[in-house]
Amino acid sequence: MPPAPTREPLNKHVGIPQVQPRRSLEPRGERTLHNILIEGGTVVDGTGSLGKPLDVAIDGAKIAQLCKRSEATGAMRIDATGLIVCPGFIDIHSHSEFQLLANPLAESKIRQGITTELVGNCGSSPAPAIGVARKELEGYAELAEVRLDWVTMDEYLLRLSNLKTSVNVATLVGASTLRQCVIGNSNIKAGEDELARMNQLLADAILQGGFGLSSGLIYVPGFFASTEELVSLASTSASLGGFYASHIRGEGRTLIKAVEEAIRIGREAHSRVEISHHKACGRPSWGTVGRTIAMIEEAREQGVDVSFDVYPYTASCTYLDTLLQPWAREGSKEEILDRIRDSQTRERIIHEFVTPTESMEDTVTDTGWENINVMGFSSDLYKRFDNNTIAQIAEAIGKDPAETTLDILVEENLRAIAIFHEMDEDDVVKVISHPLAAIGSDGEAEAPYGPSGKHATHPRAYGTFPRALRRYVLDKKLVPLEEMIRRMTSWPAQRIGLQDRGVLASGMAADIVAFDPEKIRDLATYEDSHRYPEGIEYVIVNGAVTIDHGEHTKERAGQVLRHKSSIA
Ligand SMILES: [Zn+2]
């Protein structure tokens, strides 16, 4: 789409000068004047093409043109000499839905160059907020210290756009959330009427702006959804142009079966499929991603549009209670806590921590208590153990690790978070080196101050994109720079269905990052997680300079992106 003419039509004759004097440095009056000119940098446009020495001109919220040096000028000029200028990064796997309401500056995201976040992943979305879903979402809202004052997707998106965030936000609709709206957290097969109701709620939410369906099949109640139920929902989503992103049913011993299921859902629902944070967890499963990637390639050859995303770390992060078998996590919080307190069920839970069973996705034996760090404590009893391993906490209080885990869950009302060091670097390399991989943080927009800064976090919330560039492009040289940038920009835009972002070209949204390839690196670590990266010099969101010389300008020019079915 050509850009709308601004003050004067774009000079079509640039590059074909009538006379050939030596180009003066400041022929200001003869050059098209734009709002902003990013000059002197190397433009990597996001398509995978090689970098070129071009200037980028911006008018309003759009890119006016990419031009040769000195062909245009700008009311504001940004010196990008020595910098790579590329599209803003698109975080295809984010969980910022509540954190953005708590802190619209999106500090940990914008400072790593992310200009668009896709939230509502892993089966849980901020809307619709009715029934049991509302109770559940109120819990998340409380943790982020915000008030849940919406019901529908439309109301949530309006809330965000009224607030104004520093990044653009798009959302998926969570299959677990839909199930909680209609059925709750019980292990019940959805009846015909219930499934129809879930499909209706899903269609409404997509028509209000959702980009498709997400599932989280290790969580309750996602775990209780049959493949048929997911095919039905994914069909509704696909019929409206949405895609299906899945935290699949298993990432450890059941990884292959879980990938098979995701492919089947894509085939039967005629849906694009995104396998979220693709990985193999637990030592016995290491290396399996070689097989799953081959399965994905084969499915694509057969016409099923499957791909995946990845974060560049060997540790995952989720709620500590995911260590419990799904049967133990069924129902309300009180019911779960009662099972942990009851001596008989408690014994069964402990037995299953270390005993692989048919449905057991992962066992503690595969990971080890010494590789599970716990954080997010609110009780005085455990606060001092922030970011300690279960093995360390158990030793400090003189108890068995399994007993300690259950004590923590009771004391913390099930809310403790855990980092699981359970992946192999070779697998991360295999996944991130593949051309189907998009980069997604799986993290929330956090800040070292405010509610999110109160406890340790996974470093991915701060470092994902700089780390992927530093570690796998600049240091290990596994992926060319232009190709890695494509996996952070145009590729996720294509997967999500964002038509005017992810590529630097005339008429596209002016979401731009300029970074220093010498300096770029992540600083957040597992021990010291709330650290911003280095080397991200400028970030522009919809034409507004939001990071300037590495510092947040407090601009909040992000837009709420609504799926095109909502506008049609
Ligand atoms: Zn997930």
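Residues numbered from 1 in each chain as written. Predicted model: local features only at pLDDT ≥ 70, side-chain atom pairs only at ≥ 80, totals over all residues. Heavy atoms only, no water.

Visitor: Help me out: how do you make sense of the pairing of strand β12 (residues 212–216) in this one?
Guide: Along any regular strand the residues' side chains alternate between the sheet's two faces. In terms of burial, β12 is a largely internal element, 5 of the 5 residues being buried. Inspection of the sheet shows strand β11 (residues 173–174) paired to β12 by 2 bridges, in the parallel sense. Its bridge partner lying in β12, Val173 is registered against Leu213. Bridge count between β12 and strand β13 (residues 243–247): 5 bridges; the pairing is parallel. Residue pairing for β13: Ser215 is matched across the bridge by Ser246. (Buried < 20%, exposed > 50% of the residue type's maximum accessible area, 1.4 Å probe, protein only. Helix = DSSP H or I, 4+ residues; strand = E, 2+ residues; numbered from the N terminus. Pairing = 2+ DSSP bridges.)

Visitor: I would appreciate a short explanation of the pattern of salt bridges in the present structure.
Guide: Once their charged atoms are close, side chains differing in charge can pair, the charge on each being opposite to the other. Counted by the stated rule, this structure contains 41 salt bridges. Residue Asp91 pairs with Lys109 through a salt bridge whose shortest N-O separation is 2.9 Å. Separated by 18 residues along the polypeptide, Asp91 in strand β8 (residues 89–91) and Lys109 in helix α2 (residues 107–110) bring together distant segments of the chain. Residue classification places Asp91 among the buried residues on the basis of a relative accessible area of 0%. Shared partners join several salt bridges into a network, and the residues in it are Lys62, Asp500, Arg501 and Asp511. (Salt bridge = Lys/Arg side-chain N within 4 Å of Asp/Glu carboxyl O.)

Visitor: How do you make sense of the nonpolar core when you look at a structure like this?
Guide: Generally speaking, a soluble globular protein has its nonpolar side chains buried in company with each other. Ranked by size, the top nonpolar core spans 105 residues in total, and within it Phe89, Tyr156, Phe211, Ile275, Leu469, Met484 and Phe515 carry the most contacts. Top contributing element to this core by residue count: helix α8 (residues 255–269), with 8 residues. Not counting residues up to four positions away in its chain, the partners in contact with Leu469 are Phe89, Leu474, Leu481, Met484, Ile485, Met488, Phe515 and Ile520. (Core = buried A, V, L, I, M, F, W, Y, C linked by side-chain atoms within 4.5 Å. Contact = heavy atoms within 4.5 Å.)

Visitor: Got a minute to help me understand the sheet that holds strand β3 (residues 52–53) in this structure?
Guide: Each strand in a sheet pairs with its neighbour through backbone hydrogen bonds, running either in the same direction (parallel) or in the opposite one (antiparallel). Overall, mixed pairing links the 7 strands, which are arranged β3-β2-β7-β21-β22-β23-β24 in an open sheet. Each edge of the open sheet is held by one strand with a lone partner, namely β3 and β24 (551–552). Pairing analysis gives 2 bridges linking strand β23 (residues 544–548) to β24, with the strands arranged antiparallel. In the strand pairing of β24, Ile547 is matched with His552. Sheet strands in contact with helix α19 (residues 481–488) are β7 (84–87) and β21 (512–515), and its direction is about 30° off that of β7. (Axes fitted to C-alpha atoms, helices over the stretch in contact; angles between N-to-C directions.)

Visitor: Is there a simple way to explain the sheet that holds strand β14 (residues 273–275) in this structure?
Guide: Read across the sheet, 6 strands follow the order β11-β12-β13-β14-β15-β20 without closing on themselves; strand pairing throughout is parallel. Bordering the open sheet on either side are β11 and β20 (437–439), each of which pairs with just one other strand. With 3 bridges joining them, β13 and β14 adopt parallel strand pairing. Its bridge partner lying in β14, Ser246 is registered against Ile275. The strands touched by α8 are β13, β14 and β15 (306–310); relative to β14, the strand with the most contacts, the crossing angle is about 165°.

Visitor: Is there a simple way to think about the coordination of the zinc ion in this case?
Guide: Working reference: metal with six octahedral donors, ideal angles 90 or 180 degrees; metal with four tetrahedral donors, ideal angle 109.5 degrees. Distances from the zinc ion to its protein donors, Cys122 (SG), His247 (ND1) and His277 (NE2), fall within 2.1 to 2.4 Å. Mapping the donors of the zinc ion onto the primary sequence yields the spacing C-x124-H-x29-H. Linking Cys122 in the loop between β9 (114–119) and α3 (131–143) with His247 in strand β13, this pair joins segments that are 125 residues apart in sequence. Neither residue differs from the other here; Cys122 and His247 are each classed as buried. (Donors = N, O, S within 2.8 Å, 3.2 Å for Na, K, Ca; no water.)

Visitor: Explain the environment of Val431 here, please?
Guide: Checked against the element boundaries, Val431 lands in helix α17 (residues 425–432). Between the C-alpha atom of Val431 and that of Val289, which follows or precedes it by 142 residues, the distance is 7.2 Å. Those residues within four positions of Val431 in sequence are excluded, and the remaining contacts are His278, Val289, Ile293, Phe308, Val310 and Ala437.

Visitor: Looking at this structure, I do not really get the packing of helix α5 (residues 175–182) against helix α6 (residues 192–207). What am I missing?
Guide: Packed helices, taken two at a time, are described by the angle between their axes plus the distance between the axes. One can describe the packing of α5 onto α6 by two numbers: an axis separation of 9 Å at closest approach and a directional angle of 125°. Accordingly, the angle class assigned to the pair α5 and α6 is oblique. The two elements α5 and α6 cross, and the hand of that crossing is right-handed. Of the residues in α6, those touching α5 at Leu178, Arg179, Cys181 and Val182 are Glu194, Arg197, Met198, Leu201 and Leu202. (Parallel < 35°, antiparallel > 145°, perpendicular 65-115°, else oblique. Left-handed = near helix turned anticlockwise from the far one by under 90°.)

Visitor: Looking at this model, I keep getting lost on unusual backbone geometry. Mind explaining?
Guide: For residues other than glycine, phi is negative in most cases, and the peptide bonds are mostly trans. Cis geometry marks the peptide bond from Ala127 to Pro128; its omega dihedral reads 0°. Tracing the backbone shows Pro128 in the loop between β9 and α3. Look at the link from Val220 to Pro221: it is a cis peptide, with omega at 10°. Within the secondary structure layout, Pro221 lies in the loop between β12 and α7 (227–239). Positive phi, close to 75°, is recorded for Leu414, a residue that is not glycine. Topologically, Leu414 is positioned in the loop between α16 (401–411) and β19 (417–421). When its relative accessible area of 7% is taken as the criterion, Leu414 is described as buried.

Visitor: Explain the pairing of strand β4 (residues 55–59) to me, please; I cannot follow it from the model alone.
Guide: Taking burial as the measure, the 5 residues of β4 include 5 buried ones, the bulk of the element. Residue alternation in β4 divides its side chains into two sets, Asp55, Ala57 and Asp59 and Val56 and Ile58, and both sets are buried. Note that strand β1 (residues 32–39) and β4 share 3 bridges and pair antiparallel. Residue pairing across strands places Ile36 opposite Ile58, the latter belonging to β4. Bridge count between β4 and strand β5 (residues 62–67): 5 bridges; the pairing is antiparallel. Across the sheet, Val56 pairs through a bridge with Leu66, a residue of β5.

Visitor: Help me out: how do you make sense of the side chain of Asn387 in this one?
Guide: As for its placement among the helices and strands, Asn387 is situated in the loop between α14 (380–383) and β18 (388–389). Of note is the side chain of Asn387, whose polar atom sits 2.8 Å from the backbone oxygen of Tyr526. Discounting residues that sit within four places of it in the chain, Asn387 has contacts with Asn373, Val374, Met375, Ala456, Tyr526 and Glu527. (Polar contact = N/O pair within 3.5 Å; in protein donor to acceptor, adjacent residues only side chain to side chain.)

Visitor: Can you help me understand the state of the cysteines in this one?
Guide: Put plainly, a disulfide is one covalent bond tying together the sulfur atoms of two cysteines. Scanning all chains against the criterion turns up 0 disulfides. In this structure Cys67 is a free cysteine whose sulfur lies 17 Å from that of Cys86, the closest cysteine sulfur available. Under the relative-accessibility criterion, Cys67 is labelled buried at 1%. (Disulfide = S-S within 2.5 Å.)

Visitor: Would you mind going over the environment of Thr116 with me for this structure?
Guide: Within the element layout of this structure, Thr116 appears in strand β9. Each C-alpha atom, one on Thr116 and one on Val560, is 9.4 Å from the other, the two residues being 444 residues apart in sequence. Ignoring anything within four residues of it in the chain, the contact list for Thr116 reads Phe89, Ile90, Asp91, Asn168, Leu498, Arg501, Asp511 and Leu561.

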